[in-house]
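# Architecture at a glance
Chain by chain, the residues:
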Amino acid sequence: MRTAAPPNVSADYTAEWQARFGEDADLPGDLPDIPWLRQVLLRRTHRRYAPRPVPKALLRLFLAAAFSASSKSDFQQASVIRVEDRAYRDRLAALVPDMPWIGNAPVFLVFCGDARRLERIGELRGHQQENGRLEGFFNAAIDAALVMQTFILAAETAGLGCCPISVIRNHADAVAEILQLPDKVFPVAGLCLGYPAAEGFVSMRLPLAVTLHTDRYDDSALAENIENYDHRRAARYTPPREQQRAAETFGYTDFYGWSEDKARQAAAQPEGQTFPSHLRARGFTFD
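Model, not experiment: these values are computed from the prediction.

Along the chain, Val210 turns up in helix 9 (residues 208-211). Its relative accessible area of 15% is what places Val210 among the buried residues. Once the C-alpha coordinates of Val210 and Glu224 are considered, the two residues, 14 residues apart in sequence, prove to be 9.9 Å apart. Here Val210 is in contact with Leu222, Asn225 and Ile226, once residues within four sequence places are set aside.

Quick look at a nonpolar patch on the surface now. A contiguous nonpolar surface patch, about 340 Å² in accessible area, is contributed by Leu134, Phe138, Ile142 and Leu146. Mapping Ile142 onto the fold places it in helix 7 (residues 134-157).

The relative placement of two packed helices is expressed as an angle between their axes plus a distance between the axes. Relative orientation of the contacting elements helix 3 (residues 56-66) and helix 7 amounts to 135°, with a least axis distance of 8 Å. Considering the angle they form, helix 3 stands oblique to helix 7. Note that helix 3 runs across helix 7; the crossing there is right-handed. Where helix 3 approaches helix 7, its residues Leu59, Phe62, Leu63, Ala65 and Ala66 are matched on the opposing element by Val147, Thr150, Phe151, Ala154 and Ala155. Class assignment of the residues belonging to the contact of helix 3 with helix 7 gives a composition of nine nonpolar, one polar and no charged.

How each quantity is defined
Residues numbered from 1 in each chain as written. Predicted model: local features only at pLDDT ≥ 70, side-chain atom pairs only at ≥ 80, totals over all residues. Heavy atoms only, no water. Helix = DSSP H or I, 4+ residues; strand = E, 2+ residues; numbered from the N terminus. Buried < 20%, exposed > 50% of the residue type's maximum accessible area, 1.4 Å probe, protein only. Contact = heavy atoms within 4.5 Å. Patch = residues over 30% accessible without salt bridge, like charges linked within 9 Å, V, L, I, M, F, W, Y side chains within 5 Å. Areas by Shrake-Rupley, 256 points an atom, 1.4 Å probe, with all protein chains shown as cover. Salt bridge = Lys/Arg side-chain N within 4 Å of Asp/Glu carboxyl O. Axes fitted to C-alpha atoms, helices over the stretch in contact; angles between N-to-C directions. Parallel < 35°, antiparallel > 145°, perpendicular 65-115°, else oblique. Left-handed = near helix turned anticlockwise from the far one by under 90°. Nonpolar A, V, L, I, M, F, W, Y, C, P; charged D, E, K, R; others polar.

Rendered as structure tokens:
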């Protein structure tokens, strides 16, 4: 019987951790050297692509890996629309003109929650059931998100770049009409795919001190942790004064950190306001 060789021992992922979080890793130096973990820590979004086609066989392989993701109760409530028709792609791109990569990426996919299929299977087997309640929507949305994230990681492993497009939910009626989505099938996000034309940058994430809780939820130190994060992130990049969001409403501030930007964005540009009515019109009750 053959056994796998033990993983190589490496340093403590300091460079990758610093790139992602802007702080020390605080990890021992005897961790296994797992190249894929290094790649994930350094992953980035790509919006510019080389004029190089993605082989269809490779795309099919990525999709097979994506649909291997975990699924609630093995219901498998996700579907993907591969948008190849130029007219369809142009109509989708026109919905979000400030994101030209939707139209010019070599591949564009739309990941959908699919609560319809389980209902149809019930009909086929004579066990009809309603799948438009909150649980059905929630499970389908998570299944689609897991499939999309698995696809992204698979594609990046092969040297491709991705850019999720969640803003299509702001145009759910138009997306559903263009892609002929039936009731109880809804867009979760689009995804651009291609070989990167530029290296891109690693977006600094919130530290585990904010996002990881032990035994109970505790955000008592949130203000201090966010303040420190804002300054670490600003040391790497600070938007120029003229890019401070919604200055006509909120004014200008001497220090413009991540938290100020995101608080302004959430207050001034709330998204998804038409999505609930779109879903209710297509069979979801959320009971």
